[in-house]
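# Working through the structure, step by step
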Amino acid sequence: MDIIVEAISLTKRYNNVIAIDNISFNIYKGEIFSFLGPNGSGKTTTVEILACIRKPTSGTAKILGYSINKEVNEIKKRIGILPQEFTFFDLLTVKECVEFIGKIYGTKYDIKQILEIFRLEEYKNKKFRELSGGLKRRVGLAMSIVNDPDLLFLDEPTTGLDPESRRDVWKYILNLKKLGKTIFLTTHYMEEAEKLSDRIGIIIKGKLVVLDEVKNLINNYGGGFRLVIYLDKNIEENVVKILQDNNYKFDKKDNVIICNLSNKREANLLASELIRKGIENFEMKYPSVEDAFLNLVGYKISEMGELI
Amino acid sequence: MRRILAIFLVFLKNWLRNRSALFFSFIFPLLLLLIFASIFTSERTQPITIFVQNQDQETQLSKVYESILNKTFNVEKIPSNISSPVNYLKTKKQGLITFKIRILIIPKGFEENATTLAMKEAIRLQILNLQRTLSSPYINESIKQEIIKGINVLQNVYSNLPNKTLNIKLITESEDTDYLLLNSILTQINGSFINNLIGVNATFSINHETVYERRISAVDYYLAGLLAAFVMTNGLFSTAPTLVEIRVKGILKRLLGTPLQKHEWFLGIIFSILLINSILLLEMLLAAVIIFKAKIGFNVYWILIFYIGMFFFIGLGVFIGSMVRSEETAIALVNLIGFPMMFLSGAFWPLEIMPDFLKYVAQVLPLYHFHTSLRYIMVFGDTTPVINNILIVVVLSLSFTILSIKFLRWKET
């Protein structure tokens, strides 16, 4: 596989604070690679170093074969970027925003086609400040592909958006992947990382905790399948008896029993047994990136991006 | 060049689409020029108005005197039967005294007094003439005796005529600073009136010649002052808060991810403000020349000083915008620098009317040196008397341009 990004021992210090601490990783052609972590974990710093906006304190990286220390202009010509909480000149229209970036790159581009890709034709004469949050991100995405880049940096592209707008943006990011773009995405949303990424690196306090394909992360750290059974007085005795008779391990808390199962087959067997005995108030919980994250880090990430 | 043009156009569009920026950059300065220049230009172009009450109005001589006054002043009449002319004016204007109270009262008996005075003066002159004749060696004794008799008769007539004076009453406000000028004009009119009455031609005549000496008019003063003041506000307000906003909003970060270079970014900003200030200059010049008939010499020096001064304020704005962290701080700082300079530097009114200590304060403000040099070169076309002011502007512009290039943020640390 072609290596698009090769980060080697990147470290960034701000006075006594270490923002990123000796991290190394590769990103391969055509994949969506995500950094998942809470606020202040070093995601944005990493993106900005790789996009040649900041300089690392130590370490180096190669982007599309060019060194971030020596060949900044060559890199900048070939990448696109959507910064965190993207905004732009308020009084420019959507079309003018995209055209402005086009003029900066000086490359040929088809404005009509770009606006079409992100369904922005009907908004092309609207001023940037008149757009909703989701539309602003779409304009940012449109601006990021004007120079037909090989690599896109999307720094928290959906932060602050409502769930509907977030899903809308996901759609466009997946379209970019279909167009053959390699994407480095940062996020603190577990679901976003899981839905969009080929590989995820979990980053905490500047350290890369784990980096793997999504399915491997879930399989290795997701903690298996769970059956959550909601109890009432009539069935409690019955459920406990079934679980004990079949040697299932379970935890009971208040009116809920959580039963940990080793695989999907075992989960299906237990579900069938419960249904046969007339117990239907339960749900199957599949392991997710969130479970993997919880098992690895010991915390969850809140909607606002904080560890909880 | 392509990228500089792109930055230039973006800044320009953003500026021109902002209604308040548009108002304060182009419309407000023009309004101030129209208001200030109109008020202060019209003050001395009209003749002095004087209210005249002729209490001797049936007589010929008082009417002649009135017509002489009418040639010099704008005369407004007060009826002769009014006992208090001041109260009359107040009542007539419904208490709104928007004019200066200057009342001249021609007293009753004016003609009789003037005639007697003229007659006595004519006799006195005749006596003097005859006394001079007596000393001539060519006149024999018998004629001398006849002349002496004649002198005696004339002296007798002279002493029998009553002593009269022409008491013209002039009422002015106690704070009327033009009183002396008015009094002097009236003295000349009166002397001329009596001389004409007794048939004496004026002994002195004044040959009037004109010289061309350009002096500062209201529009000259305000054109340069307002241009300098608004070049300052455009320079400060279009850079400092905007640069902070661009940084805080992450727009700078977006641009840092492109191949755009620092010098292209800087030049794009400079050119956009340069065009904004050029439009300001053009509209102000047009207004001054077309509306107020301002006579401005188009020499290269004041155009140069205009743009050099502009660089100082852009440099200062970029420097502030690069040093402070929030937009609010940037706005507060440019207000703190801009407004005192605008009002204390003499851009809006002459230093002569300001207290002494403020005159010293004004001279340490860069805007003072900017508008003073700009005005002098615009009006007189000469740089020599304001060379120190020019040097201060040039040094400040160079220093702050260098500082702004050095400190302009074009990277994340």
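Please refer to the structure placed before this passage.
Residues numbered from 1 in each chain as written. Chains lettered and ligands numbered in written order. Predicted model: local features only at pLDDT ≥ 70, side-chain atom pairs only at ≥ 80, totals over all residues. Heavy atoms only, no water.

## Describing the interface of chain A and chain B
Where interface size is given, it is often the accessible area lost as the parts come together that is meant. Basically, it comes down to this: Any pair of residues with heavy atoms lying within 4.5 Å of one another is described as a contacting pair. By buried area we mean how much accessible surface two parts lose on assembly, using a 1.4 Å probe and totalling the loss over both. For this analysis, a salt bridge means a side-chain nitrogen from Lys or Arg found within 4 Å of a carboxyl oxygen belonging to Asp or Glu. Polar contacts here mean pairs of N or O atoms no more than 3.5 Å apart (in protein, one a potential hydrogen donor and the other a potential acceptor; neighbouring residues in sequence count only if both atoms are side-chain atoms). Numbering of helices and strands runs from the N terminus; a helix is a DSSP stretch of H or I covering at least four residues, while a strand is a stretch of E covering at least two. Amino acids outside the nonpolar list (Ala, Val, Leu, Ile, Met, Phe, Trp, Tyr, Cys, Pro) and the charged list (Asp, Glu, Lys, Arg) are all regarded as polar, and Gly is one of them.
In this complex, chain A contributes 30 residues to the contact, which on the side of chain B involves 26 residues. Roughly 2700 Å² is buried in total at the junction of chain A and chain B, and carbon and sulfur atoms are behind 60% of that figure. Taking the shortest distance from any N to any O, the salt bridge between Glu 48 of chain A and Lys 253 of chain B comes out at 2.7 Å. Inspection of the region where chain A meets chain B yields 14 residue pairs in polar contact (both at pLDDT 80 or more). Elements supplying a minimum of two residues to the side of chain A that touches chain B: strand 1 (3-14), helix 2 (72-78), strand 6 (79-82), helix 3 (94-105) and helix 5 (133-144) of chain A. If one sorts the elements of the side of chain A that touches chain B by residue count, helix 3 of chain A sits on top with six residues. The residue inventory of the side of chain A that touches chain B, partitioned by class, reads 15 nonpolar, five polar and 10 charged.

## Here's the deal with the packing of aromatic side chains
Stated formally: Classification of ring pairs rests on two measures: the distance between centres of Phe, Tyr or Trp rings, Trp counted by its six-membered ring, which must be within 6.5 Å, and the angle between planes, read as stacked under 30 degrees, edge-to-face over 60 and tilted in between. Whether a charge sits over a ring comes down to the Lys NZ or Arg CZ being within 6 Å of the ring centre and within 35 degrees of the ring normal.
Per the counting criterion, the structure on display carries 32 aromatic pairs over all chains. Three or more aromatic residues link up through ring pairs in this structure, and these residues are Phe 86, Phe 88, Phe 89, Phe 100 and Phe 128 of chain A together with Phe 11 and Trp 265 of chain B. Between the NZ or CZ atom of Arg 375 of chain B and the centre of the ring of Tyr 221 of chain B, over which it lies, the distance is 3.7 Å. Note that Lys 406 of chain B overlies the ring of Phe 407 of chain B, its terminal NZ or CZ placed 6.0 Å from the centroid.

## As for empty space enclosed by the protein
Any space left empty among the atoms is revealed by the rolling of a water-sized probe across them. Selection rule: Only protein atoms enter the calculation, which uses a 1 Å grid: trapped sets of points that fit a 1.4 Å probe without letting it out are cavities, open sets showing protein on both sides within 12 Å along at least five of seven lines are pockets, and any residue with an atom within 4 Å of a point is a lining residue. Grid points are joined across faces, edges and corners, and a volume is the space filled by probe spheres set on the points.
Counted according to the given criterion, the structure contains four cavities of 30 Å³ or more. In this structure, the largest cavity occupies an estimated 80 Å³ of space. Around the largest cavity sit Leu 92, Glu 96, Glu 99, Phe 100 and Lys 103 of chain A together with Ala 6, Leu 9, Val 10 and Lys 13 of chain B, which together line it. Elements supplying a minimum of two residues to the lining of the largest cavity: helix 3 of chain A together with helix 1 (2-16) of chain B. Of the residues contributing to the lining of the largest cavity, the split by class is five nonpolar, no polar and four charged. The computed volume of the second largest cavity comes to approximately 60 Å³.

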